[in-house]
Amino acid sequence: LLITLTIIVFSFGVTRISGKSKESYIIIDPGHGGMDPGCNIGDIKESDVVLEISYKTKEVLEAFGYNVILTRETKESLCEGKFIKKEDMEKRINTANSYNTNFVISIHLNEFGLSEYRGGQVFYDDNNPNSKLLAKSIQDSFKMYLGNTDRVIMQKEHNYLLRRLTVPACIIECGFISNPDE
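Here goes a summary of the coordinates provided.

Reading the values: rules and limits
Residues numbered from 1 in each chain as written. Predicted model: local features only at pLDDT ≥ 70, side-chain atom pairs only at ≥ 80, totals over all residues. Heavy atoms only, no water. Helix = DSSP H or I, 4+ residues; strand = E, 2+ residues; numbered from the N terminus. Buried < 20%, exposed > 50% of the residue type's maximum accessible area, 1.4 Å probe, protein only. Contact = heavy atoms within 4.5 Å. Pairing = 2+ DSSP bridges. Salt bridge = Lys/Arg side-chain N within 4 Å of Asp/Glu carboxyl O.

1. With respect to the overall build of the protein
Helix and strand counts for the protein stand at 5 helices and 8 strands. Starting at the N terminus and walking to the C terminus, you meet the elements of the protein as α-β-β-β-α-β-α-β-β-α-β-α-β. Each of the 182 residues in the protein was classed as buried or not, and the buried ones make up 49%. Residue pairs in contact within the protein that sit at least 24 positions apart in sequence constitute 79% of those at least 6 positions apart.

Here it is as structure tokens:
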């Protein structure tokens, strides 16, 4: 899944959305962190897994000459002191909006009480017309490369992060942490 996600992001970013030069940036937002671990199964935390996915994706993209910024580089949240979700989110948004950014992907994992649910799913907000194109391209690539999902892109209205970004952006649920195969 990690390699596929990297290929999806790279191929989409280079060929379809990236009207900008290599001096522009791809922003990868590893979701959660610190006091906000996201979902977990046993000792496995969503925040740790998505950080690893983000590091590997960054590594591959940089090998192809692209500038990549991670909004979070440690297991901690982005808050100074006490965890405040809005402060954490604002720092992610400010990072993405501070660069000549091609697009933003926020990496997450899904969880459901039954282990048979699987597959990646991509969410977008309609505040930028290219966000839907970004989401559709990534979702189609999940189907093409993995063949493990019949999920479709979905608009995620009123999402704090997506609503406030000024560039194409989406949330990628890479799969289900509750599914042992994923």
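2. Considerations on the sheet that holds strand β8 (residues 169-176)
Strands belonging to one sheet form pairs held by backbone hydrogen bonds; the direction of such a pair is parallel or antiparallel. Taken in spatial order, the 6 strands line up as β4-β1-β5-β8-β6-β7 in an open sheet, and their pairing is mixed. The open sheet has two edge strands with one neighbour each: β4 (67-70) and β7 (154-155).

3. Overview of the pattern of salt bridges
A pair can form between side chains of opposite charge whenever their charged atoms are brought close. For the coordinates displayed, the defined rule picks out 9 salt bridges. A salt bridge links lysine 91 to glutamate 87; its shortest N-O distance comes to 3.8 Å. With lysine 91 and glutamate 87 both in helix α3 (residues 85-97) and 4 residues apart, this pair spans about one turn of that helix. Residue lysine 91 is classed as partly exposed on the basis of its relative accessible area, which comes to 27%. Judged by relative accessible area, glutamate 87 falls into the partly exposed class, the value being 24%. One continuous salt-bridge network, built from bridges that share partners, spans Asp29, Asp88 and Arg92.

Any functional reading would require information that these geometric values do not contain.
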